[in-house]
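Chain residues, written in single-letter form:
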Amino acid sequence: MAKSLLIISRQSPWSGPGAREALDIVLAGGAFDLPIGLLFLDDGVLQLAAGQNAKALQQKDLSANLQALPMFGVEELFYCAQSASARGLGNVSLEEAQPLAAEQITALIDRYDQVITL
């Protein structure tokens, strides 16, 4: 049986390659049917903000990758409710993502065999 993997995405979508790399790892793991989860934490929750304009920053839009996650079998999607609230995110664009409190995040991390933070 394959080991489970949790990716923790902590970077905003436009601060560097970390956000895109986290999504690429998750999509690749999903394509190979690995038990994989994705947690948006700290500035990573900004990836879930609706109405982002990637073209204004001459960047690629990550929203298509986010929307593709369920099609790749990635159904374990989470975000830190406290991080979202602190950054003024009332609603997130990825409806499949479940909000978690701090104590729930600790339990989530313990459920996975391996954790990668980007």
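Right above here is the structure, for reference.
For the structure given in this document, a descriptive report is provided here. Remember, it's a predicted structure, so these values are computed and weren't measured experimentally.

1. A short note on the pairing of strand 2 (residues 36-40)
Item 1. Summarising burial for strand 2: five of the five residues are buried, a large majority.
Item 2. Covered by surrounding structure in strand 2 are I36, L38 and F40 together with G37 and L39, the residues of both alternating faces.
Item 3. Judged from the five bridges that link them, strand 1 (residues 5-9) and strand 2 form a sheet pairing that is parallel. From the neighbouring strand, I8 faces strand 2, where its bridge partner is L39.
Item 4. Considered for its hand, the β-α-β crossover made up of strand 1, helix 1 (residues 18-31) and strand 2 is right-handed.
Item 5. Bridge analysis of strand 2 against strand 3 (residues 76-80) gives four bridges, and the strand direction is parallel. Paired with G37 across the bridge in strand 3 is E76.

2. Side note on the side chain of S4
Item 1. Along the chain, the position of S4 falls in the segment before strand 1.
Item 2. Only 2.9 Å separates the side chain of S4 from the backbone nitrogen of D113, close enough to count as a polar contact.
Item 3. Once residues within four sequence positions are removed from consideration, S4 is found in contact with P35, R111, Y112, D113 and Q114.

3. Re unusual backbone geometry
Item 1. Phi angles above zero are rare outside glycine, and D33 is one such case at about 55°.
Item 2. Topologically, D33 is positioned in the loop between helix 1 and strand 2.
Item 3. Looking at D33, the relative accessible area reads 69%, which means it is exposed.
Item 4. We note that D42 has phi near 55°; this positive angle belongs to a residue other than glycine.
Item 5. Relative to the helices and strands, D42 is located in the loop between strand 2 and helix 2 (63-68).

What counts and how
Residues numbered from 1 in each chain as written. Predicted model: local features only at pLDDT ≥ 70, side-chain atom pairs only at ≥ 80, totals over all residues. Heavy atoms only, no water. Buried < 20%, exposed > 50% of the residue type's maximum accessible area, 1.4 Å probe, protein only. Helix = DSSP H or I, 4+ residues; strand = E, 2+ residues; numbered from the N terminus. Pairing = 2+ DSSP bridges. Right-handed = clockwise from strand over helix to strand, strands pointing away. Polar contact = N/O pair within 3.5 Å; in protein donor to acceptor, adjacent residues only side chain to side chain. Contact = heavy atoms within 4.5 Å.

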